[in-house]
Amino acid sequence: MNANIYRHEFHARWKSVIIWSLALTAMVMFFFSIFPVFADQAALTNQMLAKFPPALLEAFGMNKMDLSTVLGFYSFIIVFAQLCLAVQAGNYGFGLVSIEESEWTADFLLSKPVTRGQVLTSKLLAVLSGLLLTDLVVWVASFAAITFFRGAREYDMAILILLFLSMVILQLFFLGIGLVISLLVRRVRSVTPYSLGLAFGMYVLSAFSGIFGAVKLEYITAFKHLDPAYIVKQGSFDTPLVLINVAVTLVALSVSYWLYIRRDIPAVA
Amino acid sequence: MSIIEVSHLTKYYGKSRGIVDVSFKENEGEIFGFIGPNGAGKSTTIRLLLSLIHPTSGSARVFGKDVVTDGPEIRRDIGYLPSEVFYYEGMKVIDLLKYSASFYKRDCTQRMNELSEIMELELNRRISDLSYGNKKKVGIVQGLLHSPKLLFLDEPTAGLDPLMQRKFFDLIRAENSRGVTVFFSSHILGEVQRLCTRVGIIRDGRIVEISDIRTLQKNNYKKIQVSAKGLTSTAFNIPGVTNIQAENNTLHFFFKGDINEVVKKVSSLKVVDLTIEEPTLEEIFMHYYE
């Protein structure tokens, strides 16, 4: 770990972290502000939902959600928050070392007296700080929104914390996968298409996994590993799936170190 | 003592050739010129020595340490000016220089200010606002501010105006006179001749010649063009003349040997025009392949 690189990297993503945090805060606040309406007319809501095509409900995981409860409604919002956080984490993962290479600044950094391992660790920690900061803001915003709009309705704090934790695990996953893919492909020219592709691809897979109940897509899509509807309904993580998720992240990060230490830094032709 | 010791260093990028079986030594305090056309493997060699890339086979030692295993330790005392300079676009020059200095365990502020003054660098501009030449100046200050013991200069003068080139050469000479070893890669023979004591010539990834700069020049051809009325190719029928071509009273030829022989011949003519040139790098290579 090198404090200078950490500071530089953190500073470079500072604005991005603020923008993501503000956008997510606005989203959580706005969506949750309509919760009282849903909850007051629970019967009507459920009637309306019953008329939706079952496949659609399945795709959004809404058949397992009770939108009239605090956490049921929150888990509906958090699906979208997870998607955004995944894009953010994917962005940082794909860009972590590839931006230095596509903008040719890698020569500058790696001709300094630091090891590749130190470079990667410092960069990862900087990005991780940014991601955790975003999570923290989302948590505070969520907690504020729930406190403000829940009225007299009760909820289980322990489950809310599990939902909060799911964001961190999910971000680590997309960070690790993004990083390892960026090191496996020859060159990443632009980060956003990759991270959007990865996040939405997995999201769509997760949705389809709901539609074709028999097909076991949940093993490969991170959104199923940390399905908010499941967490709220069962009051716990789906432990085997979460373990798969964490294992994949750890493997991706280890492979990334292995690849980065051996990597030939491309030069301007 | 050898500062750089390269033995049988080979680098392939997949199937495409980087360098093949390159061996040479550079002694402490030397300015070693590394010349060759674009794509010959000059940058590949430097990047291997900086461990930006890893060798396919062979080995290299800098300060007596292996570049693959002791990279970070070696790089403490290395300054590097790449041929194409790229820095973090959003940063200010001063912040980039401070970031660069932060990697070395010594106070570089004074040296940084000295160098910026010499190179007339404006410290408060943004990198993205700088012209190519100004970015190159950032590169020079950045490469020298920590007072390195060994300098890698990869085609350093591209983008610098003649005045800055001269300041830069003075700077490099000054560094060299306080003991800094310089590895100078270039495809411009003139600047190598001005600065270096010894040169290595690389072509198609292989070293074709390593020699003292004087020997190289002595052994070299001069390119001569003479215009005089009624001139025919028989006028310069002396040993050492090759590739003679005549057109419209003008003769072009290469000459290798005692230049006085040519001067004598020329003085006996009523010359309209005369040029004697250094051969271009390409022509030197032709010489090495004859």
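Use the structure listed above.
Definitions and limits used
- Residues numbered from 1 in each chain as written.
- Chains lettered and ligands numbered in written order.
- Predicted model: local features only at pLDDT ≥ 70, side-chain atom pairs only at ≥ 80, totals over all residues.
- Heavy atoms only, no water.
- Helix = DSSP H or I, 4+ residues; strand = E, 2+ residues; numbered from the N terminus.
- Rg over C-alpha atoms; globule rule 2.2 N^0.38 Å.
- Areas by Shrake-Rupley, 256 points an atom, 1.4 Å probe, with all protein chains shown as cover.
- Lys, Arg positive; Asp, Glu negative; His and termini not counted.
- Charge placed at Lys NZ, Arg CZ, Asp CG, Glu CD.
- Contact = heavy atoms within 4.5 Å.
- Buried area = accessible area lost by both parts, 1.4 Å probe.
- Salt bridge = Lys/Arg side-chain N within 4 Å of Asp/Glu carboxyl O.
- Polar contact = N/O pair within 3.5 Å; in protein donor to acceptor, adjacent residues only side chain to side chain.
- Nonpolar A, V, L, I, M, F, W, Y, C, P; charged D, E, K, R; others polar.
- Core = buried A, V, L, I, M, F, W, Y, C linked by side-chain atoms within 4.5 Å.
- Buried < 20%, exposed > 50% of the residue type's maximum accessible area, 1.4 Å probe, protein only.
- Expected span 1.5 Å × (residues − 1).
- Arc of directions from axis to C-beta.
- Patch = residues over 30% accessible without salt bridge, like charges linked within 9 Å, V, L, I, M, F, W, Y side chains within 5 Å.
- Pairing = 2+ DSSP bridges.
- Axes fitted to C-alpha atoms, helices over the stretch in contact; angles between N-to-C directions.
- Phe/Tyr/Trp six-rings, centres within 6.5 Å; stacked < 30°, edge-to-face > 60°.

Caption draft 1: Local environment of the overall build of chain A. Within chain A, the secondary structure is distributed over twelve helices and zero strands. In summary, chain A has a C-alpha radius of gyration of 20 Å against a globular reference of 18 Å for 269 residues, a match within 12%. Summarising its shape, the C-alpha atoms of chain A cover approximately 65 × 40 × 30 Å along the three principal directions. Just so you have it, chain A exposes about 11,900 Å², and 71% of that area is on carbon and sulfur atoms. One finds the centroid of the 18 positive side-chain charges in chain A at a distance of 6 Å from the centroid of its 15 negative side-chain charges.

Caption draft 2: Structural view of the interface of chain A and chain B. Counting residues at the interface gives 27 residues for chain A, matched by 23 residues for chain B. Roughly 2,300 Å² is buried in total at the junction of chain A and chain B, and carbon and sulfur atoms are behind 60% of that figure. Here chain A is connected to chain B by two salt bridges. One salt bridge connects Lys-11 of chain B with Asp-264 of chain A, and the closest N-O pair in it is separated by 2.4 Å. Remark: the boundary between chain A and chain B carries 18 residue pairs in polar contact (both at pLDDT 80 or more). If you list the elements that add at least two residues to the side of chain A that touches chain B, you get helix H1 (3-33), helix H6 (106-110) and helix H12 (239-262) of chain A. Class assignment for the residues of the side of chain A that touches chain B results in 13 nonpolar, six polar and eight charged.

Caption draft 3: Inspection of the nonpolar core at higher detail. Membership of the largest hydrophobic core comes to 150 residues, with the highest contact counts inside it found for Phe-32, Tyr-74 and Phe-174 of chain A together with Ile-4, Phe-152, Phe-168 and Phe-184 of chain B. The element best represented in this core is helix H5 (residues 70-102) of chain A, accounting for 18 residues. Among residues more than four places away in sequence, those in contact with Phe-152 of chain B are Ile-4, Ile-46, Leu-49, Leu-50, Ile-78, Gly-79, Tyr-80, Leu-81 and Phe-183 of chain B. In terms of nonpolar packing, the next biggest core, distinct from the first, is built from twelve residues, Val-226, Phe-236, Val-262 and Val-266 of chain B among them.

Caption draft 4: Fine view of the pattern of salt bridges. Here the structure, examined in full by the defined rule, presents 22 salt bridges over all chains. We note a salt bridge from Lys-167 of chain B to Glu-120 of chain B, for which the minimum N-O separation is 2.5 Å. Pair noted here: Lys-167 of chain B is in helix H6 (residues 162-177) and Glu-120 of chain B is in the loop between helix H4 (109-118) and helix H5 (132-144), with a separation of 47 residues, a long-range link. Salt-bridge contacts for Arg-178 of chain B lead to Glu-175 of chain B; the nearest nitrogen and oxygen are separated by 2.8 Å. Since its relative accessible area comes to 2%, Glu-175 of chain B is described here as buried. Sharing partners across several salt bridges, the network here consists of Glu-9, Arg-13, Glu-100 and Lys-123 of chain A.

Caption draft 5: Molecular detail of helix H7 (residues 116-149) of chain A. With 34 residues, H7 of chain A should cover 50 Å at 1.5 Å per step; its first-to-last C-alpha distance of 49 Å lies within 8% of that length. Of the residues one or two after H7 of chain A, Gly-151 of chain A is the one with positive phi, at around 65°.

Caption draft 6: Summary view of H6 of chain B. Residues and elements named next belong to chain B. Spanning 16 residues, H6 covers 22 Å between terminal C-alpha atoms, matching the ideal 22 Å at 1.5 Å per step. Of the residues making up H6, those classed as buried are Met-164, Phe-168, Phe-169, Leu-171, Ile-172, Glu-175 and Asn-176. Taken around the axis of H6, the buried residues stretch over an arc of 160°, which confines them to a single face. In H6, the exposed residues that point more than 90 degrees away from the buried face are Pro-162, Leu-163, Arg-166 and Ser-177. Looking one or two residues beyond H6, the residue adopting positive phi is Gly-179, at roughly 105°.

Caption draft 7: Just a nonpolar patch on the surface, in detail. Residues and elements named next belong to chain A. A surface patch of nonpolar side chains, amounting to about 450 Å² of accessible area, comprises Trp-14, Ile-18, Leu-22, Leu-133 and Leu-136. For the nonpolar patch, the secondary structure elements donating two or more residues are H1 and H7. Looking at the nonpolar patch element by element, the count peaks at three residues for H1. With respect to the helices and strands, the residue Leu-22 is situated in helix H1. Leu-22 sits in the exposed class, given a relative accessible area of 57%.

Caption draft 8: The sheet that holds strand S1 (residues 2-13) of chain B, seen in detail. One open sheet holds the four strands; their spatial order is S2-S1-S4-S5 (chain B), and the pairing between them is antiparallel. Across the chains shown, the open sheet's two edge strands, defined by having one partner strand only, are strand S2 (16-27) and strand S5 (65-66) of chain B.

Caption draft 9: Inspection of the sheet that holds strand S9 (residues 198-203) of chain B at higher detail. All names here are of chain B. Taking strand neighbours across the sheet as the criterion, the six strands line up as S6-S7-S8-S3-S9-S10 in an open arrangement whose pairing is mixed. The open sheet has two edge strands, strand S6 (78-81) and strand S10 (206-212), and neither has a second partner. In this sheet, adjacent strand axes meet at a mean angle of 15° when their direction is disregarded. In this sheet, strand S8 (residues 181-186) lies alongside strand S3 (residues 31-35) in parallel orientation, the contact comprising five bridges. Within S8, the residue paired with Ile-35 across the bridge is Ser-186. Contacting S6 and strand S7 (150-154), H5 runs over the sheet at an angle of about 170° to S6. H6 contacts S3, S6, S7 and S8 of the sheet and is inclined by roughly 155° relative to S7.

Caption draft 10: Here's a closer look at the packing of aromatic side chains. Evaluation of the coordinates by the stated rule reveals 33 aromatic pairs over all chains. Centroid distance Phe-73 of chain A to Phe-76 of chain A: 6.4 Å. Interplanar angle 55°. Geometry classified as tilted. Taken together, the positions of Phe-73 of chain A and Phe-76 of chain A, both in helix H5 and three residues apart, correspond to about one turn of that helix. Assigned by exposure class, Phe-73 of chain A and Phe-76 of chain A land together as buried. Ring geometry for Phe-108 of chain A and Tyr-87 of chain B: centres 5.6 Å apart, planes at 85°, overall edge-to-face. One end of the pair, Phe-108 of chain A, is in helix H6; the other, Tyr-87 of chain B, is in the loop between S6 and helix H3 (93-101), on a second chain. Overall, Phe-108 of chain A belongs to the buried group, its relative accessible area being 4%. By relative accessible area, which is 4% here, Tyr-87 of chain B ends up buried. In textbook terms, an aromatic cluster arises when at least three aromatic residues are bridged by ring pairs, as seen for Phe-30, Phe-31, Phe-32, Phe-35, Phe-73, Tyr-74, Phe-76, Phe-80, Trp-139 and Phe-164 of chain A.

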